[in-house]
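A structural walkthrough
Each chain, letter by letter, is given below.
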Amino acid sequence: MNIHAQTTRTAAETALLDAYAGRIAKLPGDASVTVKRDNAVEALKAGLPTRKVEAWHYTDLRRLLSSIPAFDATAYAEKIAPVLTGSSVLPVLNGVADKAPTVEGASIATLGEKLADGSLGDVLGIADRDDTIGAINSAFVADGFVIEIAEGAKITAPIELQNVQAGGQTHSRFVVKAGAGSKATIVERQTGTGEALVSSVTNLDVGEGAELLWLILQEQPEGATHLGQFNVRIGKGSKLTLFVMNTGGRLVRQEIRASAAGQDSEFKLRGVNLLAGQTHCDVTMVLDHLAPDTYSTETLRNVVTGKAQGVFQGQIRVAREAQKTDAKMACNTLLLSDEGEFSTKPELEIFADDVACGHGATVTEIEQDHLFYLMARGIDEKSARGLLVKAFVAEVIEELEDETVVDALEEKIGHWFAEHG
Amino acid sequence: MLEIRNLHARIAEDGTEIIRGLNLTVKAGEVAAIMGPNGSGKSTLSYILAGKEDYEVTEGDILYNGESILEMDPAERAAAGIFLAFQYPMEIPGVATMEFLKVAMNAQRKARGEEELKIPDLLKRVRGAADSLGMDMNMLKRPLNVGFSGGEKKRAEILQMKLLEPKLCVLDETDSGLDIDALKIVADGVNTLRSPDRAIVVITHYQRLLEYIVPDSVHVLYRGQVVRSGDKNLALELEKNGYAGVIGEMA
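Here the structure is a predicted model, which is why all the values come from computation and not from measurement.

A closer look at the overall build of chain B
- The number of helices and strands found in chain B is 8 helices and 12 strands.
- In terms of overall dimensions, chain B is globule-like: its C-alpha atoms have a radius of gyration of 18 Å, near the 18 Å expected for 251 residues.
- Dimensions of chain B along its principal axes, counting C-alpha atoms only, are 55 × 40 × 35 Å.
- A burial count over chain B gives 43% of its 251 residues as buried.
- At a minimum sequence separation of 6, the contacts of chain B that also span at least 24 residues come to 70%.

Printed below as a string of structure tokens:
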């Protein structure tokens with residue numbers, strides 16, 4: 001997929017291709033699905049992207065993904081308590097969909113079934129030549145969930161898509177269609193215990209006038225590689241708030257490929273990246289404003305400590321017909337260590353002539369005067385730093401308004417800080 | 001309670017000496033006023049008492065209840081009972097004032113080995129203190145000092161002082177930026193804290209505040225030294241003749 005001369009394959013590249021040869025017989029899907037898988041592997045034969053590929057410039061996957069664990073048939077993952085109490089939990093345990101509860105207003109099937117009966121082959125495939133995550137996932141995906149939220153359904157209890165790995169490789173996918181006028185809160189939980197290679201792709205369609213809050217909480221253990229991709233099409237007059245929080249993983253890339261496709265649609269991206277240790281975490285967004293009067297805001301807050309490296313690439317493309325687009329993007333980083341790094345690359349591509357688009361980025365350290373002020377009131381240094389870090393990300397979280405959500409996220413941030421602050 | 005002995009201090013970054021052999025003693029129960037022209041080292045002295053890292057003590061000592069505080073960090077000093085009311089209180093976005101008060105009060109209680117305050121008890125105390133200063137509780141839901149007017153910030157400082165019940169209060173130009181009504185409220189707040197086991201150091205440029213907080217002693221700071229000490233009449237004399245007279249004696 002990436003047009004560059006490949007001399008020799010890396011160990012990881014070879015392992016991926018070998019894994020496919022060993023896996024294909026066990027993967028679900030009719031002939032149409034198998035074609036998609038084969039095409040994806042063909043694309044992977046060109047090699048993993050390097051820094052010479054612009055979309056991967058800050059995350060040289062070929063260098064960073066130095067080895068790949070084998071599939072582990074004995075790995076056993078267990079369902080865990082949901083982040084929001086009272087959620088309907090749809091577990092994918094080490095890549096296999098477990099029993100799902102019934103959710104009123106929604107129909108739920110496993111991805112495995114849908115691939116097997118050939119009714120869902122269309123979601124697999126590669127979007128463009130930068131789509132390495134789509135290629136890996138399309139080749140290997142075995143299971144996940146397919147959810148259809150009925151027209152007008154207001155789903156009160158949150159739905160938690162719980163992707164838990166226990167090592168080896170897991171490749172899963174969530175396909176969600178929110179019917180016109182529906183309303184729901186969905187948590188996509190990416191977690192586990194092993195040094196796994198995880199690919200997880202979501203395909204979401206937000207129907208006319210629907211309103212969705214989608215939270216991706218990536219909290220993989222230190223040794224894991226997490227390749228996430230969130231694809232969404234936002235319909236006329238509908239609203240999607242996507243909240244992404246990365247607090248773990250060794251090598252993480254979370255792609256967001258969104259299109260504000262219907263008039264008056266609204267997309268909000270809120271991101272909190274808490275990066276410690278040796279983590280390399282990349283959030284890459286490509287947002288297309290395709291229709292008039294569309295509105296988007298993207299706010300990211302990053303905290304970097306240890307030797308962690310963070311990346312945010314935000315590309316907003318405004319089509320010629322998307323007049324009156326209003327888009328604002330901001331990426332702010334708090335650096336807590338000398339060895340941490342954060343790279344930000346905003347890009348605007350505007351083809352319409354009557355739009356308001358803006359972006360801004362800052363990198364700062366903890367304000368010494370603020371720290372002194374808090375300490376002068378008797379708050380010890382560690383707690384004072386904790387308060388200031390929480391304050392830095394609090395704005396993004398408190399904006400979510402739902403108190404249960406805000407409390408749950410603040411608790412997670414508290415845990416992260418207690419461990420890494 | 002407070003004894004400053006031959007204190008020399010400089011700005012850590014560039015070595016500029018600001019405090020040059022300062023001596024000052026303030027007893028428990030005493031209200032001491034420190035006055036002086038701009039640039040005499042008043043604010044620097046307040047920061048050094050609170051433990052700000054930007055300054056380096058090169059000679060001398062600061063004793064609090066007979067023990068040196070130079071090795072203590074700002075949080076330890078605060079927990080020991082030293083409080084600085086800032087001339088320019090920091091605006092801290094994202095930290096709700098109420099949350100901050102809770103954390104600060106409980107941090108100090110914890111450091112002293114006392115139990116944490118329960119929420120109803122905490123609210124009751126905060127409400128009582130806020131009422132006495134004419135502050136609206138709604139203001140405390142806002143981020144700390146963010147968007148507060150100059151007067152509101154100063155009241156918030158006194159509110160913290162009332163709630164934290166320090167033993168040594170240092171007020172750095174608390175009168176600056178206050179209109180006369182706010183000044184009276186703030187002064188009342190300070191006066192209610194006067195007690196035999198508490199010392200208050202009022203740093204001010206003008207005599208005006210001292211009409212409302214009547215000091216037991218007045219000290220004139222000039223070029224980093226106390227050049228003259230006296231009772232409240234010294235402040236009146238300064239008001240009448242300006243600093244030139246006192247400083248002139250020095251020259």
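What about the environment of Gln207 of chain B?
- Checked against the element boundaries, Gln207 of chain B lands in the loop between strand E10 (199-204) and strand E11 (217-222).
- The spacing of Gln207 of chain B and Ala32 of chain B is 175 residues in sequence and 13 Å in space, taken between C-alpha atoms.

What about the domain arrangement of chain A?
Residue and element names in this part refer to chain A.
- The domains assigned to chain A are domain 1 (11-365) and domain 2 (366-421).
- Put simply, the middle of domain 1 and the middle of domain 2, counted by C-alpha atoms, are 27 Å apart.
- Counting residues at the interface gives 16 residues for domain 1 and 16 residues for domain 2.
- Secondary-structure elements contributing two or more residues to the side of domain 1 that touches domain 2 are strand E11 (239-246), strand E13 (266-275) and strand E15 (295-304).
- Partitioning the side of domain 1 that touches domain 2 into residue classes produces 10 nonpolar, 3 polar and 3 charged.

Observations regarding the sheet that holds strand E18 (residues 341-350) of chain A
Residue and element names in this part refer to chain A.
- Across the sheet, 9 strands lie side by side as E3-E4-E6-E8-E10-E12-E14-E16-E18; this open sheet has mixed pairing. Both edges of this open sheet fall to strand E3 (106-110) and E18, since each of them pairs with a single strand only. Within the sheet, the average angular offset between the axes of one strand and its neighbour, ignoring direction, is 10°.
- Where strand E8 (residues 197-206) and strand E10 (residues 225-234) come together, 10 bridges link them in parallel fashion. Among the inter-strand pairings, Asn203 is bridged to a residue of E10, identified as Asn231.
- Along the sheet, helix H5 (residues 132-140) makes contact with strand E6 (169-178), E8, E10 and strand E12 (251-260), crossing E8 at roughly 100°.

Comments concerning the nonpolar core
- Ranked by internal contacts, the top residues of the largest apolar core, which has 202 residues, are Phe83 and Val201 of chain B.
- Residues contacting Val201 of chain B, with those up to four places away along its chain left out, are Val26, Ala32, Ile34, Cys169, Val170 and Leu171 of chain B.

Considering the interface of chain B and chain A
- Each partner contributes residues to the interface: chain B has 20 residues there, and chain A has 17 residues.
- The dominant element in the side of chain B that touches chain A, judged by the number of residues it contributes, is helix H3 (residues 97-111) of chain B, at 5 residues.
- Taken together, the residues of the side of chain B that touches chain A sort by class into 15 nonpolar, 3 polar and 2 charged.

Some words on the packing of helix H6 (residues 368-375) of chain A against helix H7 (residues 381-398) of chain A
Residue and element names in this part refer to chain A.
- In the contact formed by H6 and H7, the axes pass within 9 Å of each other and the chain directions differ by 125°. The angle between H6 and H7 places the two elements in the oblique class. Where H6 crosses over H7, the two elements pack in a sense that is right-handed. Counted together, His370, Leu371, Leu374 and Met375 of H6 and Glu381, Ala384, Arg385, Leu387 and Leu388 of H7 form the full contact between these two elements.
- Taken together, the residues of the contact of H6 with H7 break down into 6 nonpolar, 1 polar and 2 charged.

Describing helix H2 (residues 31-44) of chain A
Residue and element names in this part refer to chain A.
- With 14 residues, H2 should reach 20 Å at 1.5 Å per residue; the first-to-last C-alpha distance of 20 Å fits that figure.
- Those residues of H2 that fall on the buried side of the exposure criterion are Val33, Lys36, Arg37, Ala40, Val41, Ala43 and Leu44. On an axial view of H2, the arc spanned by its buried residues comes to 155°, and they lie on one face.
- Close packing links the buried residues of H2 with helix H1 (11-23), helix H4 (111-116) and H5.

Quick word on the packing of H2 of chain A against H5 of chain A
Residues and elements named next belong to chain A.
- Relative to each other, H2 and H5 sit at 135°, their axes nearing to 8 Å. With respect to each other, H2 and H5 are oriented oblique. Along this stretch, H2 crosses H5, giving a crossing that reads as left-handed. Contacts from Lys36, Arg37, Ala40, Val41, Ala43 and Leu44 in H2 reach Ala135, Ile136, Ser138 and Ala139 in H5.
- Grouping the amino acids of the contact of H2 with H5 by side-chain chemistry returns 7 nonpolar, 1 polar and 2 charged.

Considering the sheet that holds strand E5 (residues 67-68) of chain B
Residue and element names in this part refer to chain B.
- Across the sheet, which stays open at both edges, the 4 strands sit in the order E2-E1-E4-E5 with antiparallel pairing between neighbours. With partners counted over all chains shown, the strands left at the sheet margins are strand E2 (17-26) and E5, one partner each.
- Here 8 bridges tie strand E1 (residues 2-11) to strand E4 (residues 55-64), and the two strands are oriented antiparallel to one another. Residue pairing for E4: His8 is matched across the bridge by Glu59.

Re H3 of chain B
- Taking 1.5 Å per residue, 15 residues should reach 21 Å; H3 of chain B reaches 21 Å between its end C-alpha atoms and fits that length.
- In this structure, the buried residues of H3 of chain B make contact with H7 of chain A together with helix H2 (74-79), strand E7 (92-96), helix H4 (119-132), strand E8 (143-144) and helix H5 (150-164) of chain B.
- One or two positions beyond H3 of chain B, positive phi appears at Gly113 of chain B, with a value near 75°.

How each quantity is defined
Residues numbered from 1 in each chain as written. Chains lettered and ligands numbered in written order. Predicted model: local features only at pLDDT ≥ 70, side-chain atom pairs only at ≥ 80, totals over all residues. Helix = DSSP H or I, 4+ residues; strand = E, 2+ residues; numbered from the N terminus. Rg over C-alpha atoms; globule rule 2.2 N^0.38 Å. Buried ≥ 20, exposed ≤ 12 C-beta atoms within 10 Å, placed from the backbone. Contact = placed C-beta atoms within 7 Å. Domains from an automatic or database assignment. Nonpolar A, V, L, I, M, F, W, Y, C, P; charged D, E, K, R; others polar. Pairing = 2+ DSSP bridges. Axes fitted to C-alpha atoms, helices over the stretch in contact; angles between N-to-C directions. Core = buried A, V, L, I, M, F, W, Y, C linked by C-beta atoms within 7 Å. Parallel < 35°, antiparallel > 145°, perpendicular 65-115°, else oblique. Left-handed = near helix turned anticlockwise from the far one by under 90°. Expected span 1.5 Å × (residues − 1). Arc of directions from axis to C-beta.

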